[in-house]
Amino acid sequence: TRIGDVAGAEACGALKNIVALGAGFVDGCFGKSGGNTKAALLRVGLLEMTKFCATFFRGVEYGTFLQSCGMADLITTCYGGRNRRCA
């Protein structure tokens, strides 16, 4: 699906890396037993991403965060991305 919300897509691409660092910390502290903690982190992280964008960017659409540039990219990065491994 093509996204018309350029600001929202760009913000998702940047903010997901911050959440991915947190996911890396969860992996480092809890190892394999931190699955529920990481899931909670992703849920709260996505909510914080939407709040941040609603506060600082005009016209950002909520649906953008549910597309591949939002939630899907966040999940992919937090479970195997470079930023998760950097933490």
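All of the points below concern the structure found in this document. Keep in mind that what you see is a predicted model, and the values were worked out from it rather than measured.

A word on the state of the cysteines
Then, number 1: For the structure on display, the rule yields zero disulfides.
Then, number 2: Not part of a disulfide, Cys78 finds its nearest cysteine sulfur in Cys12, a span of 12 Å.
Then, number 3: Assessed through its relative accessible area of 0%, Cys78 is described here as buried.

Details of the packing of aromatic side chains
Given two aromatic rings, one states the distance between the centres and the angle between the planes to describe the pair.
Then, number 1: Using the criterion set out here, one finds two aromatic pairs in the structure.
Then, number 2: Between the aromatic rings of Phe52 and Phe56, the centroid separation amounts to 4.7 Å while the plane-to-plane angle is 45 degrees, which identifies the pairing as tilted. With Phe52 and Phe56 both in helix H2 (residues 35–56) and four residues apart, the pair spans about one turn of that helix.
Then, number 3: On the basis of relative accessibility, which here comes to 57%, the residue Phe56 falls in the exposed class.
Then, number 4: By the ring-pair criterion, three or more aromatic residues cluster together here, those being Phe52, Phe56 and Phe57.
Then, number 5: Lying over the aromatic face of Tyr79, Lys38 brings its terminal NZ or CZ to 4.3 Å of the ring centre.

Rules behind the numbers
- Residues numbered from 1 in each chain as written.
- Predicted model: local features only at pLDDT ≥ 70, side-chain atom pairs only at ≥ 80, totals over all residues.
- Heavy atoms only, no water.
- Disulfide = S-S within 2.5 Å.
- Buried < 20%, exposed > 50% of the residue type's maximum accessible area, 1.4 Å probe, protein only.
- Phe/Tyr/Trp six-rings, centres within 6.5 Å; stacked < 30°, edge-to-face > 60°.
- Helix = DSSP H or I, 4+ residues; strand = E, 2+ residues; numbered from the N terminus.
- Lys NZ or Arg CZ within 6 Å of the ring centre and 35° of its normal.

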